[in-house]
Amino acid sequence: MQLQDNFKNNFFLRGFASILIGFYFFLLAYAYKYIIDGFLIENHPLGVISPQILEILCIGLAAVFMVFSSLAIFFRAKRKVKKEGSLLCNKQSKNALKKYFLAVIIGFSALFILKFYGYVDILTPVFLCCYASMLFLLKSKDNNKLYALIGLAILLALYCFIIPSYWYSSFTIMAIAHAAFGLVEKN
């Protein structure tokens with residue numbers, strides 16, 4: 001059977017993939033909270049690591065989050081095109097993936113540069129802004145509802161920039177928003 005080209009970007013956020021990403025946001029927030037609290041509490045095993053290792057660990061967790069989120073979107077797209085009998089990687093999908101991975105590389109490069117120069121308080125706002133740009137690149141033409149998540153990520157980034165201790169709440173709010181978006185925007 002010959003697969004057909006559907007001439008549209010197959011990699012976009014909707015349904016169960018968005019719910020999974022919301023779950024990953026919850027896990028990321030909890031892991032950050034556990035690691036940072038363990039670092040600050042005396043007689044905790046994580047209390048012996050250096051602040052530099054803590055920063056690298058947090059950026060590594062953000063990278064793991066992006067990998068799992070990207071895989072959720074990929075497998076969602078793979079399932080969808082298998083049902084439709086169309087090609088997974090057409091011209092539009094390849095262009096969107098190139099832009100997406102370029103945004104991921106630029107975003108994590110910015111995080112490492114900020115960490116290197118000691119601007120640790122703005123890592124979360126920069127991560128949320130980079131995440132908003134990646135959501136923008138995953139936006140399909142027929143789904144303008146994704147602007148709500150993009151706007152929320154930018155708004156939460158501004159809050160985290162003004163109040164750096166708001167990071168945990170920001171990640172929790174993004175998790176809830178992703179899960180709600182996934183429930184509203186089913187396949």
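Quick note: structure is the one above.
Parameters at a glance
Residues numbered from 1 in each chain as written. Predicted model: local features only at pLDDT ≥ 70, side-chain atom pairs only at ≥ 80, totals over all residues. Heavy atoms only, no water. Helix = DSSP H or I, 4+ residues; strand = E, 2+ residues; numbered from the N terminus. Contact = heavy atoms within 4.5 Å. Areas by Shrake-Rupley, 256 points an atom, 1.4 Å probe, with all protein chains shown as cover. Axes fitted to C-alpha atoms, helices over the stretch in contact; angles between N-to-C directions. Parallel < 35°, antiparallel > 145°, perpendicular 65-115°, else oblique. Nonpolar A, V, L, I, M, F, W, Y, C, P; charged D, E, K, R; others polar. Phe/Tyr/Trp six-rings, centres within 6.5 Å; stacked < 30°, edge-to-face > 60°. Buried < 20%, exposed > 50% of the residue type's maximum accessible area, 1.4 Å probe, protein only. Lys NZ or Arg CZ within 6 Å of the ring centre and 35° of its normal.

**Remarks on the overall build of the protein chain**
Within the protein chain, the secondary structure is distributed over six helices and zero strands. Partitioning the contacts of the protein chain with sequence separation of at least 6, the portion at a separation of at least 24 is 77%. By element, 70% of the accessible surface of the protein chain is carried by carbon and sulfur atoms, the whole surface being about 10700 Å².

**Here we look at the packing of helix α4 (residues 123-138) against helix α5 (residues 146-162)**
Interhelical geometry of α4 versus α5 gives an angle of 170° and a closest axis separation of 8 Å. In terms of axis orientation, α4 runs roughly antiparallel to α5. Taken together, the residues of α5 that come into contact with α4 (itself represented by Thr124, Pro125, Leu128, Cys129, Ala132, Leu135, Phe136 and Leu138) are Leu146, Tyr147, Leu149, Ile150, Ala153, Ile154, Leu156, Ala157, Cys160 and Phe161. Residue composition of the contact of α4 with α5, by class: 17 nonpolar, one polar and no charged.

**Here's the deal with the packing of aromatic side chains**
Across all of its chains, the model carries 17 aromatic pairs by this definition. With a centroid separation of 5.8 Å and 35° between ring planes, the pair formed by Tyr32 and Phe171 is classed as tilted. Taken together, the residues Tyr32 in helix α1 (residues 16-40) and Phe171 in helix α6 (residues 167-184) connect sequence positions 139 residues apart. Exposure class is identical for Tyr32 and Phe171. Each is buried. Chaining the aromatic ring pairs together yields one cluster made of Phe25, Tyr32, Phe65, Phe127, Tyr131, Trp167, Tyr168 and Phe171. In this arrangement the basic side chain of Lys33 is found over the ring face of Tyr168, its NZ or CZ atom lying 5.4 Å from the centre.

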